[in-house]
Amino acid sequence: MEKFYKIEKFGNIKYKVIEATLSYEPVYCHRCGCTFNKEQTYEKNGFKTSNILMLDVCNHGCILRLHKQRFLCHSCNKKFFARTKIVNDGCFISNQVKYAIALELKNKISEKDIAKRYRVSLILLKELLILIMMVKNFINIIYLKFFLLMNLNLLSQLMVLLVFICVMVKQVKLLISLKIEN
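Residues numbered from 1 in each chain as written. Predicted model: local features only at pLDDT ≥ 70, side-chain atom pairs only at ≥ 80, totals over all residues. Heavy atoms only, no water.

Asker: What is the right way to read helix α2 (residues 111-118) from this model?
Answerer: Think of an α-helix as 3.6 residues a turn; residues three or four steps apart then line up on the same face. By the burial criterion, the buried members of α2 are Ile 114, Ala 115 and Tyr 118. Projected onto a plane normal to the axis of α2, the buried residues spread over an arc of 100° and lie on a single side. Exposed residues pointing more than 90 degrees away from the buried face of α2 are listed as Lys 112 and Lys 116. Immediately downstream of α2, the backbone of Arg 119 shows phi near 55°, a positive value. (Buried < 20%, exposed > 50% of the residue type's maximum accessible area, 1.4 Å probe, protein only. Helix = DSSP H or I, 4+ residues; strand = E, 2+ residues; numbered from the N terminus. Arc of directions from axis to C-beta.)

Right, here's the structure in full:
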């Protein structure tokens, strides 16, 4: 049976390293936004390798060595990389690890122990905590605004709430796009 991983040492810790390649045919340029067709074209321009910290597998640290396709847009002459939902752009900690840390932050465990368990820095933990508090405050604001609207008639409430939600969605997208790096 062939192994699909190899063991490598990063610092003093041994990790299972899984190699993967991410490539696809992009629909648009992530830099200028132009849609690719017969006039607007791109070319594949090599790969960029990222070591992404994943959740432990069978109590072993796990790293995804992801070879991301690099593209060159002929419209803006800028390069961009293939994207994935596994990790945010420019970040080397998977979203699964961030979600697991967020769940751990709800428990009465020291931040230092959580950082050690997931092999991340205390700075990342603090940034995640701030982001969680911002989202929590955002949700509280939505509830407060909704209950304040109760004095208006139903149609007016819905219209104002819809506008408010549209504005808040833009703010949440901005929050989510924050890159939390180690």
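Asker: Explanation requested: the layout of surface pockets in the structure shown.
Answerer: Which parts of space are left empty comes out when a probe the size of a water molecule is rolled across the atoms. In this structure, the second largest pocket spans a volume of roughly 180 Å³. Lining the second largest pocket are 14 residues, and of these Phe 81, Ala 82, Arg 83, Asp 89 and Gly 90 lie nearest its centre. Sorting the residues of the lining of the second largest pocket by element identifies β3 (42-57) and β5 (79-81) as the ones contributing at least two each. With 3 residues, β5 is the largest single contributor of residues to the lining of the second largest pocket. (1 Å grid on protein atoms, 1.4 Å probe; cavity = no way out; pocket = protein on both sides within 12 Å on 5 of 7 lines; lining within 4 Å. Points joined across faces, edges and corners; volume = space filled by probe spheres on them.)

Asker: Just to check I follow, could you spell out the pairing of β3 for this structure?
Answerer: Within a regular strand, the side chains alternate between the two sheet faces. Alignment of β3 against strand β4 (residues 60-73), held across 12 bridges, turns out to be antiparallel. Bridging from a neighbouring strand, Ser 50 pairs with Leu 66 of β4. The turn joining β3 and β4, which pair antiparallel and follow one another in sequence, is formed by 2 residues; a positive phi near 50° is taken by Cys 58. (Pairing = 2+ DSSP bridges.)

Asker: Any chance you could explain the packing of aromatic side chains here in plain terms?
Answerer: What characterises a pair of aromatic rings is the spacing of the ring centres plus the angle enclosed by the ring planes. Tallying each qualifying case throughout the model produces 7 aromatic pairs. Summarising the aromatic geometry, the rings of Phe 4 and Tyr 5 are spaced 5.3 Å apart at their centres and angled 75° between planes, so their arrangement reads as edge-to-face. With a relative accessible area of 24%, Tyr 5 lands in the partly exposed category. Taking 6.3 Å as the distance between ring centres and 10° as the angle between the ring planes, the aromatic pair formed by Phe 36 and Phe 80 counts as stacked. Taken as a pair, Phe 36 in the loop between β2 (13-22) and β3 and Phe 80 in strand β5 lie far apart in primary sequence, 44 residues in all. Each member of the pair, Phe 36 as well as Phe 80, is classed as buried. Members of the aromatic cluster, joined through ring pairs, are Tyr 24, Phe 36, Tyr 42, Phe 71 and Phe 80. (Phe/Tyr/Trp six-rings, centres within 6.5 Å; stacked < 30°, edge-to-face > 60°.)

Asker: For this particular structure, what's the right way to read the state of the cysteines?
Answerer: Put plainly, two cysteines are in a disulfide when a covalent bond ties their sulfur atoms together. In the structure shown here, the tally under the stated rule is 0 disulfides. In this structure Cys 34 is a free cysteine whose sulfur lies 3.6 Å from that of Cys 32, the closest cysteine sulfur available. Since its relative accessible area comes to 13%, Cys 34 is described here as buried. The cysteine Cys 73 is free of any disulfide, with Cys 34 supplying the nearest cysteine sulfur at 3.7 Å. (Disulfide = S-S within 2.5 Å.)

Asker: Quick question: what am I supposed to make of the side chain of Glu 104 here?
Answerer: On the secondary structure map, Glu 104 appears in helix α1 (residues 95-104). Ignoring any residue separated from it by four or fewer positions in sequence, one finds Glu 104 in contact with Ile 109, Ile 114, Arg 117 and Tyr 118. (Contact = heavy atoms within 4.5 Å.)

Asker: I'm lost on the nonpolar core in this one. Help?
Answerer: Nonpolar side chains tend toward joint burial in soluble globular proteins. With 32 residues, the main nonpolar core has Phe 36, Ile 101, Tyr 118, Val 120 and Leu 125 as its most contacted residues. Breaking this core down by element, the ones donating at least two residues are β2, β3, β4, α1, α2 and α3 (122-148). Of all the elements, β4 adds the most residues to this core, at 6 residues. Residues contacting Tyr 118, with those up to four places away along its chain left out, are Leu 53, Leu 55, Val 97, Ala 100, Ile 101 and Glu 104. (Core = buried A, V, L, I, M, F, W, Y, C linked by side-chain atoms within 4.5 Å.)

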